[in-house]
Amino acid sequence: MLLCSLSTIAQDVVNDSISVDNQYREDQFYINVTYNIVTNTPSNFELRGLSGGFGFGYIRDIPVNAKRNLALGLGLGFSFNQYGQNLFIGESSSEETVFSVLDDNTDYDVNRFSTATIEVPLELRWRTSTATKYKFWRIYTGVRVGYTYWYHSTFTQDDNKVSQSNISEFEPLRFTPFFSFGFNKINFFASYTVSPFFKEAKTDLDEAVGFNPVNLGLIFYIL
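Residues numbered from 1 in each chain as written. Predicted model: local features only at pLDDT ≥ 70, side-chain atom pairs only at ≥ 80, totals over all residues. Heavy atoms only, no water.

> Mind showing me how you'd approach the overall build of the chain here?
Within the chain, the regular secondary structure consists of one helix and 13 strands. Ordered by position from N to C terminus, the α and β elements of the chain give α-β-β-β-β-β-β-β-β-β-β-β-β-β. Taken over C-alpha atoms, the radius of gyration comes to 25 Å for the chain, far larger than the 17 Å a tight globule of 223 residues would show. Expressed as a percentage of its 223 residues, the buried residues of the chain come to 43%. For the chain, the proportion of contacts with a sequence separation of at least 24, taken over those separated by at least 6, is 70%. Counting only carbon and sulfur atoms, one obtains 60% of the accessible surface of the chain, whose full area is about 12600 Å². Averaged over its 17 positive side-chain charges, the chain has a centre that lies 16 Å from the centre of its 24 negative ones. (Helix = DSSP H or I, 4+ residues; strand = E, 2+ residues; numbered from the N terminus. Rg over C-alpha atoms; globule rule 2.2 N^0.38 Å. Buried < 20%, exposed > 50% of the residue type's maximum accessible area, 1.4 Å probe, protein only. Contact = heavy atoms within 4.5 Å. Areas by Shrake-Rupley, 256 points an atom, 1.4 Å probe, with all protein chains shown as cover. Lys, Arg positive; Asp, Glu negative; His and termini not counted. Charge placed at Lys NZ, Arg CZ, Asp CG, Glu CD.)

Structure, rendered in C-alpha cells:
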C-alpha cells in the first residue's frame, strides 16, 4: 500500500510539472520556390527557357487575439528571380535603352533578365494551431515591400554578347501582394508585383513595356 501511494504521488508530480505555453508564437523561417510568368508586356512577348525564382527569410509572429490563431507577421527576406524571354534589352549608340521583341527568325543562345531583391514581408496570419498542436492549417496574406538592389539583362548569340546592368527605366522599388495556404510545412504560394519593372519604357515599335511578374509555387515554413 505504501509503494502504491508513493507511485501515485510521483505520477501527480510529473503531471503537475507539465506546463503549456499559452503565450506561444509562430516565429518562422521560410523558403519559397516559384515559376514566374509576366504580365503588362508588349505584343508577341513570350517566356522562353528557365523562368523561376527562390526566396528565403524570417517572420516574427505577433498574435492579436486570446486564442492566438490570428496574428500579424513582420519579417525580412531575400529573393532571386530569373526570366527567360524574347524581349531584347540593349543600348543604342546614343546610350538610350533599346527594348525589342525578338521574332522566331532571330537565333540566340540566352536571353534572360535576372533580379535580386531585399524584401520586408508584412502578413495577416490565420491558423488552426494551439500551444501543443504543431501541424495545422494556415492562410497567410499580405504584402512584400522590396528593393531590387541588383539586376542584369543578358543576351548571347554566336559572336555577340550584350549585358545590361544600368537601365534608366528600371524601377527598383517592389510592391508585391501575396497569398499562401496549406497544411504543416508545405503551402501553396502566389504573388503579383503591382509596381512594374520598367517605367515609361517603349519598344522599337512604340509599345509599352511594364513587366509585372506573377510568381506561383510553394512556400515552406520552418519553426
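Structure's up, so let's keep going.
> Would you take a moment to explain the nonpolar core for this structure?
It is characteristic of soluble globular proteins that their nonpolar side chains tend to be buried jointly. The biggest cluster of nonpolar side chains holds 15 residues, and the ones touching the most others in it are F99, F113, I167, F198 and F211. The contacts of I167, once residues within four sequence positions are left out, are I89, T97, F99, F113, Y151 and F198. Judged by nonpolar contacts, the second largest core, of eight residues, contains F178, F189, I219 and Y221. (Core = buried A, V, L, I, M, F, W, Y, C linked by side-chain atoms within 4.5 Å.)

> Hey, could you run me through the environment of E91 in this one?
By the secondary structure assignment, E91 is in strand β4 (residues 87–91). Judged by relative accessible area, which is 45%, E91 ranks as partly exposed. The sequence separation of E91 and S163 amounts to 72 residues, and the corresponding C-alpha distance is 9.4 Å. Beyond its immediate chain neighbours, meaning those up to four positions away, E91 contacts E96, V98 and Q164.

> What am I meant to see in the pattern of salt bridges here?
Two side chains of opposite charge can pair, provided their charged atoms sit close to one another. All told, the structure shown has eight salt bridges when counted by the stated rule. Put simply, D104 and R48 hold a salt bridge, and the shortest N to O gap is 2.8 Å. Note that D104 is positioned in the loop between β5 (97–101) and β6 (110–127) and R48 in strand β2 (residues 47–63), a separation of 56 residues in sequence. The exposure class of D104 is exposed, given its relative accessible area of 63%. (Salt bridge = Lys/Arg side-chain N within 4 Å of Asp/Glu carboxyl O.)

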